[in-house]
Amino acid sequence: VLPNETSKIAAERGVNSTTLSRALLQAPVYFLPPVMMGAIPLVKNALLRNPAMRVPVTTYLLLVCFGIGLPASVAIFPQMGEIKVEDAEEKYHNLQDEKNGGKAYEVLFYNKGL
């Protein structure tokens, strides 16, 4: 809206949502493989009979959990965020949309980043 201007409030929201999504990314990688290896009888018994398979099975489960967790954690928050004009800094409160007949902006958008 304003050339060469950045909203610190919108930037903070973007950084917070990215940080939270990165923290949530770790959950499936840390928790699902041990649960799957110990709770699924077929996997548990196969690993007890053949301990040499523990490393390849663990590696495979980690890759699968990361492959599922990454898109899920990135998708938790939308790429384009929005912020109400009242919630942004004062300099954004009275902006008018020239293309829409001078109507005041109600919502501003920001790119969260990856």
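Just above sits the structure.
This text gives an overview of the structure that appears in the document. (Residues numbered from 1 in each chain as written. Predicted model: local features only at pLDDT ≥ 70, side-chain atom pairs only at ≥ 80, totals over all residues. Heavy atoms only, no water.)

1. Examining the overall build of the protein chain
1) Next: Within the protein chain one finds three helices and four strands.
2) Next: Taken from N to C terminus, the helices and strands of the protein chain fall in the order α-α-α-β-β-β-β.
3) Next: Relative to its length of 114 residues, the protein chain is extended, with a C-alpha radius of gyration of 23 Å against a globular reference of 13 Å.
4) Next: Dimensions along the principal axes, computed over C-alpha positions, put the protein chain at roughly 75 × 20 × 20 Å.
5) Next: For the protein chain, the proportion of its 114 residues judged to be buried stands at 24%.
6) Next: Taking the intrachain contacts of the protein chain between residues at least 6 apart in sequence as the baseline, contacts between residues at least 24 apart amount to 69%.
7) Next: Carbon and sulfur atoms make up 64% of the accessible area of the protein chain, which amounts to about 8,200 Å² in all. (Helix = DSSP H or I, 4+ residues; strand = E, 2+ residues; numbered from the N terminus. Rg over C-alpha atoms; globule rule 2.2 N^0.38 Å. Buried < 20%, exposed > 50% of the residue type's maximum accessible area, 1.4 Å probe, protein only. Contact = heavy atoms within 4.5 Å. Areas by Shrake-Rupley, 256 points an atom, 1.4 Å probe, with all protein chains shown as cover.)

2. Describing helix α1 (residues 8–39)
Counting along an α-helix, one turn takes 3.6 residues, and residues three or four places apart therefore face a common direction.
1) Next: Its 32 residues place the ends of α1 47 Å apart at the C-alpha level, agreeing with the 46 Å of an ideal helix rising 1.5 Å per residue.
2) Next: At Leu 32, α1 shows its largest kink, close to 30 degrees, and the proline Pro 33 lies no more than four residues downstream.
3) Next: On its buried side, α1 packs onto α2 (41–49), α3 (54–75), β1 (80–84) and β4 (107–111). (Expected span 1.5 Å × (residues − 1). Bend = angle between axes of the 7 residues up to and from the residue.)

3. Thoughts on the packing of α1 against α2
1) Next: Axis separation between α1 and α2 bottoms out at 5 Å; the angle between their running directions is 80 degrees. Considered as vectors, α1 and α2 are oriented roughly perpendicular to each other. Between α1 and α2, the contacting residues are Met 36, Met 37, Gly 38 and Ala 39 on the first element and Pro 41, Val 43, Lys 44 and Leu 47 on the second.
2) Next: When grouped by side-chain class, the residues that make up the contact of α1 with α2 number six nonpolar, one polar and one charged. (Axes fitted to C-alpha atoms, helices over the stretch in contact; angles between N-to-C directions. Parallel < 35°, antiparallel > 145°, perpendicular 65-115°, else oblique. Nonpolar A, V, L, I, M, F, W, Y, C, P; charged D, E, K, R; others polar.)

4. A closer look at the pairing of β1
1) Next: What you see with β1 is a clean split: Gly 81 and Ile 83 sit on the buried side and Met 80, Glu 82 and Lys 84 on the side with no burial.
2) Next: One ladder, built from five bridges, connects β1 with β4; its direction is antiparallel. For Gly 81, the partnering residue across the bridge sits in β4 and is Tyr 110. (Pairing = 2+ DSSP bridges.)

5. Looking at the nonpolar core
In summary, soluble globular proteins display a tendency toward joint burial of nonpolar side chains.
1) Next: By size, the foremost hydrophobic cluster in this structure holds eight residues: Ala 10, Ile 83, Val 85, Ala 88, Tyr 92, Leu 95, Leu 108 and Tyr 110.
2) Next: Leave out the neighbours within four places in its chain, and Tyr 110 touches Ala 10, Arg 13, Gly 14, Gln 79, Met 80, Gly 81, Glu 82 and Ile 83. (Core = buried A, V, L, I, M, F, W, Y, C linked by side-chain atoms within 4.5 Å.)

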